[in-house]
Amino acid sequence: MENNYIANKLNEELVREMTILKLKKHYEFIEREEFKEAIINLRLKYGFSDYVEMISFIAFKVILDRIEELESENVRALFNENVEVPDGDDFISKTCDVILIGRDVIEVITLFSANVNVISAYDNEEVKLLGIGAIDKFLSRMECSKIRLIAIQPHLNLCSIYETTVEKMLHEYDFGL
């Protein structure tokens with residue numbers, strides 16, 4: 001049972017890394033040679049899997065659609081962005097898979113590829129914490145009044161979207177999420 005859990009976690013990390021690499025290549029954040037080298041390194045580290053390739057492509061397409069939907073707003077895309085979530089007198093460091101910052105909305109996208117249960121962005125505490133971290137990090141530098149939390153489960157071909165105001169999200173967090 002424990003080996004299966006470890007294999008699922010490795011698969012999830014590989015799907016996440018492959019998806020983000022594809023996005024970086026698509027938007028020319030990295031050059032073709034750098035992309036090829038990164039893919040080779042991932043395959044050496046994790047091995048090759050047609051399943052992971054297919055799942056990462058599904059996630060890539062969903063994120064691409066989200067970016068294109070916001071494109072009229074001159075979206076700013078951030079990948080593997082570290083955020084700090086306030087926790088009493090301390091902070092918890094977390095990594096957001098993708099953050100899209102538009103004119104009026106910020107989207108926090110999380111990939112879940114190994115989880116077999118349906119995840120709702122509205123009910124998932126981890127997704128909400130990532131949203132709080134993104135608000136904490138970017139609120140002073142943006143004009144966004146809304147936040148969208150997005151949980152993508154490419155293996156189930158599902159995408160859950162929860163939209164709320166930044167003010168309401170902060171209010172929920174202050175009173176125990």
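Throughout what follows, the structure given in this document is the object of discussion. (Residues numbered from 1 in each chain as written. Predicted model: local features only at pLDDT ≥ 70, side-chain atom pairs only at ≥ 80, totals over all residues. Heavy atoms only, no water.)

Quick word on the pattern of salt bridges
Then step 1. Scanning all chains against the criterion turns up 14 salt bridges.
Then step 2. The salt bridge involving Glu53 is made with Lys22; its shortest N-O contact spans 2.8 Å. Here Glu53 is found in helix 3 (residues 50-70), whereas its partner Lys22 is found in helix 1 (residues 2-26), with 31 residues between them in sequence.
Then step 3. Note on Lys22: relative accessible area 11%, which makes it buried.
Then step 4. Between Lys137 and Glu81 there is a salt bridge whose closest N-O contact spans 2.5 Å. One end of the pair, Lys137, is in helix 4 (residues 125-138); the other, Glu81, is in strand 1 (residues 76-87), and 56 residues separate them in sequence.
Then step 5. In this structure Lys137 comes out as partly exposed when scored by relative accessible area, which is 27%.
Then step 6. Under the relative-accessibility criterion, Glu81 is labelled buried at 17%. (Salt bridge = Lys/Arg side-chain N within 4 Å of Asp/Glu carboxyl O. Helix = DSSP H or I, 4+ residues; strand = E, 2+ residues; numbered from the N terminus. Buried < 20%, exposed > 50% of the residue type's maximum accessible area, 1.4 Å probe, protein only.)

Here we look at a negative patch on the surface
Then step 1. Negative charge collects at one region of the surface, where Glu84, Asp87, Asp89, Asp90 and Asp136 lie side by side.
Then step 2. Note that Asp136 resides in helix 4. (Patch = residues over 30% accessible without salt bridge, like charges linked within 9 Å, V, L, I, M, F, W, Y side chains within 5 Å. Areas by Shrake-Rupley, 256 points an atom, 1.4 Å probe, with all protein chains shown as cover. Lys, Arg positive; Asp, Glu negative; His and termini not counted. Charge placed at Lys NZ, Arg CZ, Asp CG, Glu CD.)

Some details on helix 4
Then step 1. Counted at 1.5 Å a residue, the expected span for helix 4 with its 14 residues is 20 Å, and the 20 Å between its end C-alpha atoms agrees.
Then step 2. Counted residue by residue, helix 4 has 10 buried out of 14 residues, so it is predominantly covered.
Then step 3. Taken residue by residue, helix 4 has Val127, Lys128, Leu129, Leu130, Gly131, Ile132, Gly133, Ala134, Ile135 and Phe138 as its buried positions.
Then step 4. Of the surrounding secondary structure, the elements contacted by the buried residues of helix 4 are strand 1, strand 2 (90-101), strand 3 (105-111), strand 4 (146-153), strand 5 (158-165) and helix 5 (166-174).
Then step 5. N-capping of helix 4 is provided by Asn124, with a side-chain oxygen placed 3.0 Å from the backbone N of Glu126. (Expected span 1.5 Å × (residues − 1). Contact = heavy atoms within 4.5 Å. Polar contact = N/O pair within 3.5 Å; in protein donor to acceptor, adjacent residues only side chain to side chain.)

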